[in-house]
Amino acid sequence: MRTRVLAALLLAATALPAPAVAATGTEPVHVEGELPSGATYLMDVPADWNGTVLLFSHGYSAGPANPAQNAPDDATKTLLLKKGYALVGSSYATTGWAVTDAVPDQLNTLTAFTDRFGAAARTIAWGRSYGGLVTTAIAERFPERIDGSVSLCGLVQGGVANWNNTLDPVFALKTLLAPDTGIPLVNLPDQTAASAAARTLTAAVDAAQTTPEGRARIALAAALHNIPGWNQPTQPRPAPTDWDAQQANQYTALKGLLNAAFNRRQEAETRAGGNMAWNSGVDYARLLGTSSVRKEVTELYKKAGLSLRADLAVLNDAPRIDADPSAVAWMSRTSSFTGELTKPQLSVHTIGDSLVPVQTESALKRAVTAAGSGALLRQAYVDNAGHCTFSPAEQLSALHTLEDRLDHGRWRGTDAESLNSRAVAADSTTPARYVTYRPTPYLRPYDLAHPADGVSPGGTGR
């Protein structure tokens, strides 16, 4: 991938000659442009630029709209510009699982910025959701282009781990709720087939939600993705033993996950050239035993009068899915991580994320620790439900914490109290909810530091 990216950077350097223009005057400068790849970009440089450029990588876009973005949201963007930061970011040339476009497009946007405004004193890469994966790819593979990075609610578990973990809940739903439907879970030929599969499984889930037995099985499927029982800011936070309320929230989240499990999977399979996920050799009883919500599952099975052991045996005895080794190799090469950091990274997550569960942070720490880069990584947690539901204050606090690390050469104030203090100082009008937290293990980790977790020559997993 690095060879292809370097070729793209060379093309951009020859195709986009531009005189250096200093950010001078009393008015901010707003620039919109297009890269040779077809990606568009945005640049905003305040008149009192502080010398730091923030390279923002946006989240997953299914299209067809594909606007460039250079900040997480308008409120945060306004605060950053007031504080003197230059903001840049691209659309990526394509939508979907676009990492092979996103990385060179982001780096080429950075080159275009330097050509126009001159070299920055400091460059920080940051991104949200899928953009956290793009940011981490830049941090690992092109550390010479940045000084540090921030991942917000990122897919920092990497691509192979993501698609394996997305397979498990739908495998459980199909096996336990719709065993005779013939729903394809992988090797989806097109978006029409993906949508049809999602509709069929959604109907089965809706029907199951009307019975105690069905609700228990839905909770089991949710547990295999570590879907928390509080996962949207609009939901009242259930009591720790309110299993019914927690399951109702998981039911809603699981229905939302089906789009990723089918439509987004089909798009990614097209890029990878086949199915990049497997559950061969997976022990679902063991996975449930590690899940953050296993207690809820056991209680709901008791309430429904069902045998959890019997259902787990059904899952373990069901025909399994093998991956296409070449597709796994593509996903691993482009979208998985070594854990080898050479510049500081701060990774931040909400604790109630159902789409990209907070346990992804455990997967990142596992890889970084194995690679011997643990001193460069810090992780922080926000006590809120939902995916990427950070306040502007919390996002600025993360940025300032990384800047403090770059200024002093060591991490300082990465505890929840210090992060909240920085958040209030940055913007006292929005919440500061950092909390001391330790996520449970990611259920299906895969990274380049642990090749034994990969696919065997026969095409099966562990």
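For clarity, every value in this text was computed on a predicted model and none was experimentally measured. (Residues numbered from 1 in each chain as written. Predicted model: local features only at pLDDT ≥ 70, side-chain atom pairs only at ≥ 80, totals over all residues. Heavy atoms only, no water.)

It is worth spelling out empty space enclosed by the protein at this point. Tallying each qualifying case throughout the model produces two cavities of 30 Å³ or more. The calculated volume of the largest cavity comes to roughly 60 Å³. Around the largest cavity, the lining residues are Val156, Gln157, Phe337, Ala363, Leu364, Ala367, Pro445, Tyr446 and Asp447. Grouping the amino acids of the lining of the largest cavity by side-chain chemistry returns seven nonpolar, one polar and one charged. The computed volume of the second largest cavity comes to approximately 30 Å³. Around the second largest cavity, the lining residues are His58, Gly59, Tyr60, Ser61, Tyr92, Thr94, Thr95, Gly96, Ala98 and Tyr130. The residue inventory of the lining of the second largest cavity, partitioned by class, reads four nonpolar, six polar and no charged. (1 Å grid on protein atoms, 1.4 Å probe; cavity = no way out; pocket = protein on both sides within 12 Å on 5 of 7 lines; lining within 4 Å. Points joined across faces, edges and corners; volume = space filled by probe spheres on them. Nonpolar A, V, L, I, M, F, W, Y, C, P; charged D, E, K, R; others polar.)

In terms of backbone geometry, most residues other than glycine have negative phi values and most peptide bonds are trans. Note that the residue after Gly63, namely Pro64, is joined by a cis bond; omega there is 5°. Of note in this structure, Tyr92 is not a glycine but carries a positive phi near 70°. Along the polypeptide, Tyr92 turns up in the loop between strand 4 (86–90) and helix 3 (99–117). Of note, Ser129 is a non-glycine position whose phi angle comes to about 60°, a positive value. Mapped onto the elements of the fold, Ser129 is located in the loop between strand 5 (122–128) and helix 4 (130–141). (Helix = DSSP H or I, 4+ residues; strand = E, 2+ residues; numbered from the N terminus.)

The next subject is the packing of helix 14 (residues 392–408) against helix 15 (residues 416–426). It is the contact of helix 14 with helix 15, at a shortest axis distance of 8 Å, that shows an interaxial angle of 115°. Put simply, helix 14 runs roughly perpendicular to helix 15. The two elements helix 14 and helix 15 cross, and the hand of that crossing is right-handed. Across the interface between the two elements, Ala393, Glu394, Leu396, Ser397, His400, Thr401 and Asp404 from helix 14 touch Leu419, Arg422, Ala423 and Ala426 from helix 15. Tallied by class, residues from the contact of helix 14 with helix 15 come to five nonpolar, three polar and three charged. (Axes fitted to C-alpha atoms, helices over the stretch in contact; angles between N-to-C directions. Parallel < 35°, antiparallel > 145°, perpendicular 65-115°, else oblique. Left-handed = near helix turned anticlockwise from the far one by under 90°. Contact = heavy atoms within 4.5 Å.)

Bringing the environment of Gly409 into the picture now. Take Gly409: it is sitting in the loop between helix 14 and helix 15. Along the sequence, Gly409 and Thr200 sit 209 residues apart, while their C-alpha atoms lie 54 Å from each other.

Before going further, it helps to spend a moment on the side chain of His58. Among the secondary structure elements, His58 is positioned in the loop between strand 3 (52–57) and helix 2 (74–82). For His58, the side chain forms a polar contact with the main-chain oxygen of Ser91, separated by 2.8 Å. Other than its neighbours up to four places away in sequence, His58 contacts Asn66, Pro67, Gln69, Ser90, Ser91, Tyr92, Arg128, Tyr130 and Gly131. (Polar contact = N/O pair within 3.5 Å; in protein donor to acceptor, adjacent residues only side chain to side chain.)

Averaged over every residue, the pLDDT of the protein is 93; the share at 70 or more is 92%. Low pLDDT (under 50) marks residues 10–23, which in the prediction has 23 contacts with non-local residues, meaning those over four places away or in another chain. Across residues 454–462 the pLDDT falls below 50, and counting only partners more than four positions away or on other chains, this stretch makes 24 contacts in the model. (pLDDT = per-residue confidence, 0-100.)

Let us now look at the side chain of Glu140. Relative to the assigned elements, Glu140 resides in helix 4. Lacking a salt bridge, the buried Glu140 has Arg141 as its closest oppositely charged neighbour, with an N-O distance of 4.9 Å. With residues up to four places along the chain from it excluded, the contact list for Glu140 reads Phe337, Thr338, Gly339, Glu340 and Leu341. (Buried < 20%, exposed > 50% of the residue type's maximum accessible area, 1.4 Å probe, protein only. Lys, Arg positive; Asp, Glu negative; His and termini not counted. Salt bridge = Lys/Arg side-chain N within 4 Å of Asp/Glu carboxyl O.)

For the largest pocket, the calculated volume is near 480 Å³. For the largest pocket, the lining is made up of 24 residues, of which Pro228, Gly229, Trp230, Gln246 and Val293 are closest to its centre. Going through the elements one at a time, helix 8 (243–272), helix 10 (294–304) and strand 7 (345–352) are the ones with two or more residues in the lining of the largest pocket. The biggest single contributor to the lining of the largest pocket is helix 10, with three residues. Each residue belonging to the lining of the largest pocket can be placed in one class, and the counts come to 11 nonpolar, seven polar and six charged. There is about 390 Å³ of room inside the second largest pocket. Around the second largest pocket, the lining is made up of 18 residues, and of these Ser362, Lys365, Gln379, Tyr381 and Arg438 lie nearest the centre.

In this section: the pairing of strand 7. Where burial is concerned, most of strand 7 is hidden: eight out of the eight residues are buried. Sheet topology places strand 6 (residues 148–152) next to strand 7; four bridges connect them, and they run parallel. The partner of Leu152 across the bridge, within strand 7, is Val348. Considered for its hand, the β-α-β crossover made up of strand 7, helix 13 (residues 360–370) and strand 8 (residues 377–385) is right-handed. (Pairing = 2+ DSSP bridges. Right-handed = clockwise from strand over helix to strand, strands pointing away.)

Turning our eyes to something else, we now look at the pairing of strand 8. Among the nine residues of strand 8, seven are classified as buried, and the element is accordingly described as predominantly covered. Pairing geometry for strand 7 and strand 8, over seven bridges, is parallel. Counted as the bridge partner of Thr350 is Val382 from strand 8. Here strand 8 runs beside strand 9 (residues 434–435); their pairing, made up of two bridges, is antiparallel. In the sheet register, Tyr381 faces strand 9, and the bridge partner there is Val435.

Glancing now at the packing of helix 6 (residues 191–208) against helix 8. The interhelical angle for the contact between helix 6 and helix 8, taken along N-to-C directions, is 160°, at an axis separation of 9 Å. Taken together, helix 6 and helix 8 sit at an angle that is classed as roughly antiparallel. Crossing hand, helix 6 versus helix 8: right-handed. In this structure, helix 6 uses Gln191, Ala194, Ser195, Ala197, Ala198, Leu201, Thr202, Val205 and Asp206 to contact helix 8, whose residues at the interface are Tyr251, Lys255, Leu258, Phe262, Asn263, Gln266 and Glu267.

This part is about the sheet that holds strand 1 (residues 29–34). Hydrogen bonds between backbone groups are what pair the strands of a sheet, and the pairing can be parallel or antiparallel. Pairing in this open sheet of nine strands is mixed, and the strands run 1-2-4-3-5-6-7-8-9 from one edge to the other. The sheet is open, and its two borders are formed by strand 1 and strand 9, each paired with just one other strand. Helix-sheet contacts for helix 13 involve strand 7 and strand 8, and the interaxial angle to strand 8 is about 175°.

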